[in-house]
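Architecture and fold: a report
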Amino acid sequence: MDKHKILFLHGWLFDSRIWFGLDELFSKENQTILIDLPGYGKNKENKSNIRDYCKEIFSNQTSPTVLISWSFGGTLALLSLSKYYPFIKKVVIINSHLRLMNYMDENSEINLKNINNMKEDLASDREKTLKKFFFQCIKGSSEELNDYKLLTEKFNLSTLPDNKILIDGLDDIININCYNNLRDTKKEVLIISGSKDHLVGKKLYPEFKNNKNISFCSLQNIPHIPFISFKRELVDTIRKFI
């Protein structure tokens, strides 16, 4: 594997701690950078527009770069597939729903109806709503109880973004539509899905089966958050790609 700069882009609710050290498994032979989106983690005071923030990061790359993204971060990663970000050479998308705008998917927990319900639930009972989402993220894992324990230990609810950031993020999940970027890109893309991803469900995207630059990989027994108990499977798959 050649030496790369690798950016890690997290999803909704969880900041860059969500990688649970996945970056460290690449850092010996690569430069790794963990991104915190505006309102998250070490970037909590930043009030920038999330789309503009990502575009600025992509624009600032001046050497060949790999982008590894997860969940909503995968939707944002589609922005990087534009020809205007030439140094983003390869993109890895893990457990992401890539086509949601005006799209009702009853086979996925991440659909328009449930997102709107979650916005209401956050306002009425934040703690209950977030704890439920925690469990949905590790549901199906063969290490379910241990994964949940480690997730709740790392992410105290008080360290998570405030409700405004979270509700704005849910609106972004609905409204950001970069699906055409994936259709039109000439960059190399790897889409990884977990067979036990309770939130996203099984996504096949058959319209891309003839795109030679887009690869698909389904990892068995992997839940929505795979970074706690399944890092080795991910690392092996990503290393082969990059």
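Structure's up top.
To start, this report covers the structure provided alongside it. (Residues numbered from 1 in each chain as written. Predicted model: local features only at pLDDT ≥ 70, side-chain atom pairs only at ≥ 80, totals over all residues. Heavy atoms only, no water.)

1. Topic: the sheet that holds strand 6 (residues 214–219)
With parallel pairing, six strands are arranged side by side in an open sheet as 2-1-3-4-5-6. In this open sheet, the two strands that pair with only one neighbour each are strand 2 (31–35) and strand 6. Taken over all neighbouring pairs, the strand axes of this sheet differ in orientation by 15° on average, direction set aside. Note: strand 4 (residues 88–94) against strand 5 (residues 188–194), five bridges, orientation parallel. For Lys 90, the partnering residue across the bridge sits in strand 5 and is Glu 188. (Pairing = 2+ DSSP bridges. Helix = DSSP H or I, 4+ residues; strand = E, 2+ residues; numbered from the N terminus. Axes fitted to C-alpha atoms, helices over the stretch in contact; angles between N-to-C directions.)

2. Let's talk about the pattern of salt bridges
If you walk through the whole model with that rule in mind, you get eight salt bridges. Here Glu 29 and Arg 239 are joined by a salt bridge, their closest N and O atoms 2.4 Å apart. With Glu 29 in the loop between strand 1 (5–9) and strand 2 and Arg 239 in helix 8 (residues 231–241), the pair connects residues that are 210 residues apart, well separated along the chain. Among the residues examined, Glu 29 registers a relative accessible area of 24% and is labelled partly exposed. (Salt bridge = Lys/Arg side-chain N within 4 Å of Asp/Glu carboxyl O. Buried < 20%, exposed > 50% of the residue type's maximum accessible area, 1.4 Å probe, protein only.)

3. So, the packing of helix 3 (residues 112–124) against helix 6 (residues 163–175)
The N-to-C vectors of helix 3 and helix 6 enclose an angle of 170°; their axes lie 10 Å apart at closest approach. Our classification of the angle between helix 3 and helix 6 gives roughly antiparallel. Here Leu 112, Ile 115, Asn 116, Met 118, Lys 119, Leu 122 and Ala 123 of helix 3 come into contact with helix 6, specifically with Asn 163, Leu 166, Ile 167, Leu 170, Asp 171, Ile 173 and Ile 174. Split into classes, the residues belonging to the contact of helix 3 with helix 6 amount to 10 nonpolar, two polar and two charged. (Parallel < 35°, antiparallel > 145°, perpendicular 65-115°, else oblique. Contact = heavy atoms within 4.5 Å. Nonpolar A, V, L, I, M, F, W, Y, C, P; charged D, E, K, R; others polar.)

4. Topic: the packing of aromatic side chains
Throughout the structure, instances matching the rule amount to 12 aromatic pairs. An angle of 70° between the planes, with centres 5.2 Å apart, marks the rings of Phe 8 and Trp 19 as edge-to-face. Note that Phe 8 is positioned in strand 1 and Trp 19 in the loop between strand 1 and strand 2, a separation of 11 residues in sequence. When its relative accessible area of 0% is taken as the criterion, Phe 8 is described as buried. Centre to centre, the rings of Tyr 179 and Phe 208 are 5.5 Å apart; their planes meet at 55°, and the pair counts as tilted. A residue pair is termed long-range when its members are at least 10 positions apart, and Tyr 179 in helix 7 (residues 179–184) and Phe 208 in the loop between strand 5 and strand 6 qualify at 29 residues. Note on Tyr 179: relative accessible area 10%, which makes it buried. Look at Phe 208 and you get buried, because its relative accessible area is 2%. (Phe/Tyr/Trp six-rings, centres within 6.5 Å; stacked < 30°, edge-to-face > 60°.)

5. Considerations on the nonpolar core
Grouped together as the largest cluster of nonpolar side chains are 79 residues, with contacts concentrated most on Trp 12, Phe 14, Ile 18, Ile 94, Leu 151, Ile 225 and Phe 227. In contact with Ile 18, other than residues within four places in its own chain, are His 10, Trp 70, Leu 151, Phe 155, Ile 225 and Phe 227. (Core = buried A, V, L, I, M, F, W, Y, C linked by side-chain atoms within 4.5 Å.)

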